[in-house]
Each structure stands twice: as C-alpha cells, then as structure tokens.
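A closer look at the structure
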Amino acid sequence: MNKYRSHTCNGLRKKNVKSKVFLSGWINKKRDHGNLLFIDLRDNYGITQCIIDKENKNFKDLEKIQLETVIKVKGKVVNRSNETINKDIDTGEIEVSIENFIILGTCKELPMPIFSDQEYAEEIRLKYRYLDLRRKKIHENIILRSKVISFIRSEMNNLGFLEFQTPILTSSSPEGARDFLVPSRLNPGKFYALPQAPQQFKQLIMVSGFDKYFQIAPCFRDEDARADRSPGEFYQLDLEMSFVEQEDVFEVVEKLLVKTFKKFSNKKLISDKFPKITYKDALLKYGSDKPDLRNPLIINDITEVFSRDDVSFEIFKKLVKSGSKVRCIVTKNTKDKPRSFFDNIDKWAKDQGASGLAYFTIEKDKEILAKGPVGKFFSKESLEEIMKKTKAKVGDSVFLACSKQKDLEKITSIARDKIARDLNLIDENVFAFCWVVDYPMFEIDEQTKKIKFSHNPFSMPQGNIEKLNFEKPLDMLAFQYDIVCNGVELSSGAIRNHIPELMYKLFSIAGYDNKQVDEKFSGMINALSYGAPPHGGIAPGIDRIIMLLANEKNIREVTMFPMNQNAQDLMMNAPSDVSEKQLKELNLSLKLKK
RNA sequence: GGGGGUGUAGCUCAGUUGGUUAGAGCGAUCGCCUGUCACGCGAUAGGUCGAGGGUUCGAGUCCCUUCACUCCCGCCA
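The numbers attached to residues start from 1 for each chain and follow its sequence in the written order. To label them, take the chains in the order written and letter them from A, then take the ligands in the order written and number them from 1. Only residues with pLDDT of 70 or above have their local features reported here, since the model is predicted, and side-chain atom pairs are shown and tallied only from 80 upward, although totals for entire chains, interfaces and linings are computed over all residues. No hydrogens and no water enter the side-chain calculation; it runs on all heavy atoms of the structure.

Focus: the nonpolar core
Residues belong to a common nonpolar core when they are buried Ala, Val, Leu, Ile, Met, Phe, Trp, Tyr or Cys residues joined through side-chain atoms within 4.5 Å. Type-normalised accessible area, obtained with a 1.4 Å probe on protein chains alone, sets the label of each residue: buried when under 20%, exposed when over 50%, and partly exposed for intermediate values. Within the largest apolar cluster, 64 residues are counted, with the highest numbers of intra-cluster contacts made by Leu237, Leu257, Phe261, Phe433 and Trp435. A run of H or I in DSSP counts as a helix once it spans at least four residues, and a run of E counts as a strand once it spans at least two, with each numbered from the N terminus. Ranked by the residues each element gives to this core, the list is headed by helix α6 (residues 246-264), at nine residues. Grouped together as the second largest cluster of nonpolar side chains are 24 residues, Phe306, Phe316, Val330 and Val398 included.

Points about unusual backbone geometry
Put simply, Ala574 and Pro575 share a cis peptide bond, and its omega is -5°. By the element assignment, Pro575 lies in the loop between α15 (542-550) and α16 (580-585).

So, a nonpolar patch on the surface
A cluster of nonpolar residues, Tyr4, Ile102 and Leu104, forms a patch on the protein surface that exposes about 260 Å² of accessible area. Along the chain, Leu104 turns up in strand β5 (residues 94-105). Only residues whose relative accessible area exceeds 30% and that form no salt bridge enter a patch; like-charged residues are grouped when within 9 Å of one another, and nonpolar side chains (Val, Leu, Ile, Met, Phe, Trp, Tyr) when within 5 Å. The method behind every accessible area is Shrake-Rupley, applied with a 1.4 Å probe, and residues are considered shielded solely by the protein chains displayed. Salt bridges are defined as contacts in which a side-chain nitrogen from Lys or Arg sits within 4 Å of a carboxyl oxygen from Asp or Glu.

Section: the protein's contact with RNA strand B
Around RNA strand B, 52 residues are found, and the nearest of them are Lys29, Asp32, Asn35, Thr84 and His455. The sugar and phosphate moieties of RNA strand B supply 51% of its atoms located within 4 Å of the protein. Between RNA strand B and the protein, one listed contact pairs a base oxygen with a side-chain N or O atom of Asn86 at 2.9 Å. Residue assignment for the surface near RNA strand B shows that the elements contributing at least two residues are β1 (20-32), β2 (36-43), β3 (46-53) and α2 (122-127). A per-class count over the surface near RNA strand B returns 16 nonpolar, 18 polar and 18 charged. To be near a molecule or strand, a residue needs just one of its heavy atoms within 4 Å of it. Side-chain atoms alone can form a polar contact between residues adjacent in sequence; in general such a contact is a pair of N or O atoms within 3.5 Å, and within protein one must be able to donate a hydrogen while the other accepts it. Each residue is assigned to one class: nonpolar for Ala, Val, Leu, Ile, Met, Phe, Trp, Tyr, Cys and Pro, charged for Asp, Glu, Lys and Arg, and polar for all the others, Gly among them.

Description of α15
Every α-helix carries 3.6 residues per turn, so stepping three or four residues along brings you back to the same face. With eight of nine residues buried, α15 is to be regarded as a mostly interior element. Within two residues after α15, Asn551 carries a phi angle of roughly 60°, on the positive side.

So, the pattern of salt bridges
Should their charged atoms come close, side chains of opposite charge can pair. This structure, assessed with the given rule, holds 43 salt bridges. One salt bridge connects Arg5 with Asp43, and the closest N-O pair in it is separated by 3.7 Å. Pair noted here: Arg5 is in the segment before β1 and Asp43 is in strand β2, with a separation of 38 residues, a long-range link. On the basis of relative accessible area, Asp43 is assigned to the buried category, the value being 8%. The salt bridge involving Glu140 is made with Lys136; its shortest N-O contact spans 3.5 Å.

So, the side chain of Ser454
Structurally, Ser454 is set in the loop between β21 (451-453) and β22 (480-485). Residue Ser454 is classed as buried on the basis of its relative accessible area, which comes to 17%. For Ser454, the side chain forms a polar contact with the main-chain oxygen of Pro440, separated by 2.4 Å. Ignoring any residue separated from it by four or fewer positions in sequence, one finds Ser454 in contact with Pro440, Met441, Phe442 and Glu443. Working rule for contacts: check all heavy atoms of both residues, and any pair within 4.5 Å makes them a contact.

A closer look at the sheet that holds strand β24 (residues 535-538)
Two strands form a pair only when DSSP identifies at least two bridges running between them. Pairing within the open sheet is mixed, and its eight strands lie in the order β6-β9-β10-β24-β23-β22-β19-β12. With partners counted over all chains shown, the strands left at the sheet margins are β6 (162-163) and β12 (276-278), one partner each. Where β12 meets strand β19 (residues 433-437), three bridges bridge the pair, whose relative direction is parallel. Each residue of the ladder has a partner; that of Ile277, found in β19, is Val436. Sitting on the sheet, helix α4 (residues 136-158) is in contact with β6, β9 (212-221) and β10 (232-242), with an inclination near 145° to β9. To obtain each axis, a line is fitted to C-alpha atoms, and for helices this fit is confined to the stretch in contact; angles are then taken between N-to-C directions over 0 to 180 degrees. Sheet strands touched by α6: β10, β12, β19, β22, β23 (488-495) and β24. Its angle to β19, the strand with the most contacts, is close to 160°.

Observations regarding helix α5 (residues 199-207)
Those residues of α5 not exposed but buried are Gln199, Lys202, Gln203, Ile205 and Met206. Buried residues of α5 fall within an arc of 150° about the axis and therefore sit on the same side. Of the surrounding secondary structure, the elements contacted by the buried residues of α5 are β9, β10, α14 (522-528) and β24. Gly209, located one to two residues past α5, shows a positive phi value of around 90°. The arc in question is traced by the directions running from the helix axis to the C-beta atoms.

Quick look at the pairing of β10
Across the eleven residues that make up β10, a large majority, nine, are buried. Here β9 runs beside β10; their pairing, made up of ten bridges, is antiparallel. In the sheet register, Arg221 faces β10, and the bridge partner there is Gly232. Pairing of β10 with β24 involves four bridges; the strand directions are antiparallel. Opposite Ser242, over in β24, you have His535 as the bridge partner.

Some details on the environment of Ser576
One can find Ser576 in the loop between α15 and α16. We classify Ser576 as exposed; its relative accessible area is 53%. Ser576 sits 48 residues away from Leu528 along the chain, and the two C-alpha atoms are 41 Å apart.

Here it is, written out as structure tokens:
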C-alpha cells in the first residue's frame, strides 16, 4: 500500500502465506518465551500475531520494547500448525515471522492498561481519552456511531431531505434551558448564545421554501449532567417538513428508525408500527410520559373503591377524602411469592420517599378474599370491583399507593419498573417504541403558579383554530409528540404554529406581551407574516439512539471526547482561564462569587 | 442548590472489634524459559492510605471539616 504497510493488521489470511509483507501498528501484547517472542500487532482493523526468535539480530531489541509502542515490522507470512490456530482473531490461521522492524512512535509507561476488560475510574479515562479510545469496546462504539450517522444521512437523502448547516453563534432565547453565552468583541456588552437546537432556523428554512430539511445538529444547553445526558453539547437528527400533518412526520421517522435499528442491532423490534399513547394515558397507565413498553405491568386508578362503605382501609379513605388518589399495580400469579418479595418492595418504596406500597393477594376459599397485611380491609364485593377494574385474577397480587396525583405518578412509575425487574418481566432483547401524543399546550409552573408552555412555544394547538377556547388554556392540546424507546425519550417534535396572530395570542397566555415576542423572536415572527407554509418536524437524539444500539447506559461510552459531570474536559483542560488582554478586548471583567 | 456511593502502589482491588514493618493481581525493572495467544517461573523497586483537623498510649480503620470522581433529585421549551 505505502511505505508503512502492505496490509492492515486484519488483512492477512491463509492465501498470503509465503508472501513478504510489512505491517504497522501498536504492540497490543507480548508473550516472551525467552528464546521465542510473540507480538500481537494491533491497528484499527484487527490483530496479527508476529513472531521472532533469538536467531534474529533484532530479538533483544524487540524483547525490551514497551507495550503500545508503534512499530513497523517486515516479515514473511507463515502458516500456523493446527494446534496453534487462534479462532478468536480473523488472522488466526497465520502469523508473520519478523525479519526486521523499526519504531515509529515510542511509548512511555502507561497510566492505564489498554488490553484489558477492567473498568477504570472515569477521571483517568477522560484525561487519557486517546488511550481509552484504543480499547476494544469503546473503539467499536465510536465506529458504530460513525456508521449509524452515515447511514442516517444517506437514508434522509433517499427520503428527499436536504442537509443544511445553521449558525452556531446565534441569539439567546428566553424559553427553555440555560444558554451558553459568547461575548461579542465588535458589539461591546452584547452576547451570542450557542443554539439549544436549530429550532427557529429550521422553521425559517421552511419559510424559505426548501420543503424538507435535515441536519445532524450540535445542540448546546448549560444544564447539569446525567448518565444519559452530556453536559454542554449533544447531537440531534434535526428535521423539518413543509405541508405536513402529524402522521406524515410519523411515517418518515418510523421508516428511518425501523431501518436503522434493524440494521445496527440484533435485538427485535416489538412492532414496526409504533403504538400511539396519549400523554394523559401515559401518565395514568405508566406514571410517566416516557413509558417502557417492554414492561407488561399497567397502573390502574381505583380511587373510587375507597369511597365504598365496605372498605375499611381508613388511612387511604381519609387521604382520598382530602383529594388524594389510589392507584395500583397488579402482578400475575404471585400468590406463592415469599413474604420477603412483598416486604422488599414495600421497604424499597419507603426508601424512595413514599409512604410505602400496601399490598394484598387475591385468593379464593369458598369466596374471594384478600390475604396480606391490608387484606382484611376489603370486602368480597370491593375485591370483585377491583378485579373488574384491573382485570386481576385469583392468585394475583395488588400493590397500592395513595397520594396526590403528581407524587402518585412518580412512585407508581418507578414501582412499576422495580416490580417488573424483581419479577424479571422485562425482555432485554427487544426494542419497544411508542409515540406519546396530545401533549397539553400549557401547564402550571409549580414554583410560580403561573401558566407556562408545557413543551415548545412554537407548537400548533389542536382543534379548529377559529374556535379555540383561550379561556381554558390548560385544556388546550398541542400537535406535540415524543418518541420513546424502552423508556428512553428519544426526541420530541411538533406541528408548528405558522400563524403570527395565533402565536401572539398563545404567548400572551404564557405572560409575554406582543412587544416581548417581537423582541425575542423577531426573526421568526416576521418571517411567518410573509407567507409561511404549514410545517412540522422532530429531532431524535443521536447520542441516545447510539446508546440503545450499543447497549450502553452512559452517554460517555458513545461519545468520543466527552466532558465530565462538572462540564470539564480533563484532557484539554477546558474550561480554562483567559488572559487579561482577551477579557479587555471583550469589555469583560470578572467578579467571582466567594 | 440537595441527597447517596467511591477515594489504599502506575492500574484494579483486599485490609478483621482501632494494635507489630499496610498486602495481592496486573503493569514496570532485572533474570530464566522456543509455540504462546490473560504464556509460565523467580527476584526487585514502587505507598502523604484524597487533604486538613480531632479522639486515643496507638488511626487506613472512630469523629469533624474539606476536595475529587460518580449516580440521583432539582434543572433539561
């Protein structure tokens, strides 16, 4: 090929035996027999075993060489005898008998081993990311990421979408996450913001008449990290389409995701057509707007049962009178589970800050009865009503929680997950997608008690626009949707509001007057008044798609150069101090909090 | 901003109710070994037990403060 190599480290096979070759790569592993030395040479493509014995004048030098040194070896491909074939590597039928070698890159003592399945502290992995990235698992994750992105690009092209770049330096917006700010030198005292998403730009692209747009877009949000959330930056497959309804967007995304997940994972999709669940139903049945549909357990509301006179569960009855609700999770055929199974779940719920999970098991002697600590509070008839409401059968158990709606949703949601895991009900080898639809347009801010946009201020409200009831904004639904896979929120999108007057109206409900809207969204609102097409889109999170495909729980495992939890790049030392001169040019001075 | 976990050799970890000189594997260095593929065998070096303070005759171990990393809550239209 060139002066460094005739083949890659995965290029040689039996048919190459007897040919003279040269390979370059890293010394992955040495096995030194004193008079015979094996060297596993590694590059991006694979590993080739190289061998040298003491008859060769280079033997002593190679024996002393450090692991991870980059060398070029020249030698002859030889057959391995049957007993010495290594089936674990592609090149395992042959080896290269080294004639001579040169060092291309020396290596100091390593801060961490490369050839090892050990887990290391995050700190050292991030500081020496270029070493960490040599390791098999993460190296393959990053390659997967590249392949998935390039596949998505080509599929989007096939579907008729055009890829455009949008600005990285843009303006700060009042809604949403905290912005990253960039001071402007030419405009003293003013700041750019990095885009939280190309939301307004992609709508402007539609107004500009381009019909279908996509971009693998970097998004920047200055919020605290989580295992599945990088601090700072992440990537979305941002897309937008003109003259579409919700179903048109769904069709494109389903096609794309089904193809992508089938191509890059062995896990089965539960269904190629993603079921739709309303936001309201999701919160009732799963306690969450990102339900894991691999989990067969369903939450039922049985508040009404607690107003019956033949139910004597006084604690719950009292709470229900003061506005709490009762919801339950039924587990199939668990009457013979040991007491510890139930008590563990109750104890776990208490650890989660709930008042615990009451439970009973439905049994039948002569007639239906409930066994367990709270079983005695329920009459036969009340149990039959619960069975009817929840489809529970004799032999099933019922876990009960009672609380105000928000807390109840929270505890039943995590209890649903916990119980399913304890009972081993979740099939780890499938992908279960769903759409969550019909998000409310507005919600009450818990802190300020004021009305705010529940999702995206640019979403189109549902229903006949002429007849919208602005008096009851909390009842207003939006053409706003999320896509969820295995309990992971992959993306959200919406049909946009392209009507300026309606936009002003909705913003006024959220507490912005026309002047503020004009100031903050001048580009958008102006554009919409010069002939805007109806349009909508969505933005699936690339990093989370790769996490699902790579079966990783942490986003750093699919990110090449991630920051740590405190948004620091330990390898590049970012963020860092800047010079007085730089600050002066920007008209900035620092005033640090103590 | 709050809560949990972790911190002992270059790396991964063990270290008992507080008690002699803090250990192991990998790695490093040196020696032996011609068919290994996590090669094997022997030896040597390597420690501010995250940091600071306290209790005690005596602290890796108990108490307080603090730092770093990580997970979670808040936050993330």
